[in-house]
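Coordinates in review
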2 protein chains.
Amino acid sequence: MKKTALIMAGGKGERFWPRSRVNLPKQFLSLTDDGKTMIQLTVERISPLVDIKDVYIATNENYRELVKQQLPNLPEKNILCEPIGRNTAPCIGLGAVHVAKKDEDAIMIVLPSDHLIKSNDIFKETFANACDIAEQGPNLVTVGITPNYPETGYGYIKYTKDNKLGESYAVEKFVEKPDLQTAKEYLEDGTYLWNSGMFVWKTSTILDCFKEFMSSTYEGLLKIKDSIGTEEYQKVLETEFPNLESQSVDYGIMEKASNIYTLAGNFGWDDVGSWLAVGRIKENDSQGNVVNGNVVTVNTKDCVIEGSDKLIATVGLRDIIVVDTKDATLISTKENAGEIKKVLASLRESGKTQYL
Amino acid sequence: MKKTALIMAGGKGERFWPRSRVNLPKQFLSLTDDGKTMIQLTVERISPLVDIKDVYIATNENYRELVKQQLPNLPEKNILCEPIGRNTAPCIGLGAVHVAKKDEDAIMIVLPSDHLIKSNDIFKETFANACDIAEQGPNLVTVGITPNYPETGYGYIKYTKDNKLGESYAVEKFVEKPDLQTAKEYLEDGTYLWNSGMFVWKTSTILDCFKEFMSSTYEGLLKIKDSIGTEEYQKVLETEFPNLESQSVDYGIMEKASNIYTLAGNFGWDDVGSWLAVGRIKENDSQGNVVNGNVVTVNTKDCVIEGSDKLIATVGLRDIIVVDTKDATLISTKENAGEIKKVLASLRESGKTQYL
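Here we summarise the structure given alongside this text.

**Topic: the interface of chain B and chain A**
The partner chain A presents 35 residues to the 35 residues of chain B that form the contact. When chain B packs against chain A, close to 2,700 Å² is buried across both sides, 62% of that on carbon and sulfur atoms. Area buried by chain B at its contact with chain A is led by Lys310, Val315 and Ile331 of chain B, which between them contribute 25% of it. Counting the contacts that link chain B with chain A gives two salt bridges. Residues Asp324 of chain B and Lys310 of chain A are paired through a salt bridge, measuring 2.7 Å at the closest nitrogen-oxygen approach. Here chain B and chain A share 22 residue pairs in polar contact (both at pLDDT 80 or more) between them. Of all the elements in the fold, those that place two or more residues in the side of chain B that touches chain A are β13 (295-298), β15 (311-315), β16 (320-324), β17 (328-333) and α11 (340-349) of chain B. Partitioned by chemical class, the residues of the side of chain B that touches chain A number 17 nonpolar, 10 polar and eight charged. Here strand β17 (residues 328-333) of chain A runs beside β15 of chain B; their pairing, made up of five bridges, is parallel. Each bridged residue has a counterpart across the sheet, and for Ser332 of chain A the counterpart in β15 of chain B is Val315 of chain B.

**Things to note about the packing of helix α3 (residues 88-102) of chain B against helix α6 (residues 203-213) of chain B**
All names here are of chain B. At their nearest, the axes of α3 and α6 sit 10 Å apart, and the two run at 135° to each other. One way to sum up the angle between α3 and α6 is to call them oblique. Here α3 and α6 pass one another in a crossing that is left-handed. Contacts between α3 and α6 involve Ala89, Ile92, Gly93, Ala96, Val97, Val99 and Ala100 from the first element and Thr203, Ile206, Leu207 and Phe210 from the second. Grouping the amino acids of the contact of α3 with α6 by side-chain chemistry returns nine nonpolar, two polar and no charged.

**Looking at the sheet that holds strand β16 (residues 320-324) of chain A**
Spatially, β12(A)-β14(A)-β16(A)-β17(A)-β15(B)-β13(B) is the arrangement adopted by the six strands of the open sheet, whose pairing is mixed. Strands at the two margins of the open sheet, each flanked by one partner only, are β12 (290-292) of chain A together with β13 of chain B. Here the strands of the sheet are splayed against their neighbours by 10° on average, with no regard to which way each runs. Contacts from helix α11 (residues 340-349) of chain A reach β17 of chain A together with β13 and β15 of chain B, with the element oriented near 135° to β13 of chain B.

**Focus on the environment of Glu61 of chain B**
Residues and elements named next belong to chain B. Along the chain, Glu61 turns up in the loop between β2 (55-60) and α2 (64-70). Residue class for Glu61 comes out partly exposed when judged on its relative accessible area of 43%. In this structure the C-alpha to C-alpha distance between Glu61 and Gly338, which are 277 residues apart in sequence, comes to 28 Å. A distance of 2.9 Å separates the side chain of Glu61 from the side chain of Arg64, its partner in a polar contact.

About the cut-offs
- Residues numbered from 1 in each chain as written.
- Chains lettered and ligands numbered in written order.
- Predicted model: local features only at pLDDT ≥ 70, side-chain atom pairs only at ≥ 80, totals over all residues.
- Heavy atoms only, no water.
- Contact = heavy atoms within 4.5 Å.
- Buried area = accessible area lost by both parts, 1.4 Å probe.
- Salt bridge = Lys/Arg side-chain N within 4 Å of Asp/Glu carboxyl O.
- Polar contact = N/O pair within 3.5 Å; in protein donor to acceptor, adjacent residues only side chain to side chain.
- Helix = DSSP H or I, 4+ residues; strand = E, 2+ residues; numbered from the N terminus.
- Nonpolar A, V, L, I, M, F, W, Y, C, P; charged D, E, K, R; others polar.
- Pairing = 2+ DSSP bridges.
- Axes fitted to C-alpha atoms, helices over the stretch in contact; angles between N-to-C directions.
- Parallel < 35°, antiparallel > 145°, perpendicular 65-115°, else oblique.
- Left-handed = near helix turned anticlockwise from the far one by under 90°.
- Buried < 20%, exposed > 50% of the residue type's maximum accessible area, 1.4 Å probe, protein only.

Written out as structure tokens, the structure is:
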């Protein structure tokens, strides 16, 4: 059965400011030592399973040129630009009708564009298994992540060991972000995975789910589908898409559907949620620092210093993040990295929008 | 009696890197909100007592142009360039022979060029009194600073209340930088002042002291004196000056001479020894920060942030110093500000001398 991939790349990624900007979000940045951007790594990672001509990128017009630049081998018609962000359900629906227009029964692998994976081999094996499960019937397959600490920032997938299908287990339920105590219980229990937003299904299966659980959205999607390949497409898209229900696929479909299976993805996943992640991902020096660029450190430990051409000299710092760019420098404690969005709010308020 | 001033401005001031550089040391920087440089403030402060044509600046050839630019009204011949730094005694000797060449009996006020004073009125009054004492005989007058905490980084002047001359007291001895316990005892005792390196004497008095306590230096100084105003001056200076004994005036003369008097300078003195001082001197905002330039602060307290055109955004910082310049940015804890010199050492070692 033909395999396709939908890579979701419409996110803003404010948490990587000042490296990320409104016109250059996280998925288009290189945060690893290999110099490849997040979206390039994502496409490369799925390439053993999916031909580049069957890879679709869901994004918006602002990022069309970035996608073209960073993925020159991708057919331009595979860049699907949403007229407006409507959360993941309409995004996936748009991808599904594009795939279905060519092949109703193709397998569809849905991936975020801005996560990192340590082992591409295990990733490939896991998704090959997920495709097998998806092919075997009207199954929705989600690849979860085995938790290794009680994270309270992710949703969890509860599965049951009693119901196994191939390498997967039946999902009992999806649960929202827990408090710390509950997260600890999930970790202890051993049948909870982090919901990483990675899915595999037959195109016909997910469209049937839209029909059943999000019927008005389904109607809109069908109109868009009919227009694909015609001169009317852009007009229909701009008319219909903004009216689709703004909803996550988790809430709109996964929490309501049956026949959901999950596989544990043990391939070294990181959602690279903030600059803190760079301290985990990149190689640390003997002082626990991650240092790049023109930097001199004195008595500096456990810091992330992303310099550029300009000299950055640090003295006595502990657990600090420094990110230097051409026009802006961020200096934040690791502990308060979540407050970077307040900088952006302040810049908006004071009219310094050139830095956003 | 005519009053003259010798302002010592040959220092390197590495502690204000990256704002200060080898070609722009601290005395030529503005560290206050009024935009005036340290040396400009020093000249302005002494102007009620000394005419600008009687002000001498001791510096070296590297800084001659800076002195000319910053003090355009100063006669150029009053810029005394030492061929090599030989500590304060030869520097003061050079100033003394220049003054003596014009007037053997002029009063000579010796001042550092890189200290700050809060009250210019009290400063003027104190030095007017010091001049009176100096005029009354072969007296060496030093203006000390009443200590308000047990500083271990300065030398102290011990005076005796039993022997008063005008507004001054006889100095019993000069003492080296004490340990903390000793500094506390000095503070408690009440007859110790910080040695700030500010002196007043008749030119003939200090030259007599050179003759008595630093005789070979005195011989060299006389040769230089003879050449002043002749075509031979530069050649004689370059021959004689490097052979003068490299010695501080404190050790070479003050610790050996008698007839030393001191006045307590209670005019709000600060030697502006490091970026920490800027947090004391400049106005703090409601969060205890001193912020200049294009800066956005979020949850930032008790920091000194000297920005420039480039945006600096800080998040979660406490007691941090940030100094941004065109080609280099310093980020240091206040606690470790003394280690900034290690940055300079590292730059020297790695050949990045363009940043020094």
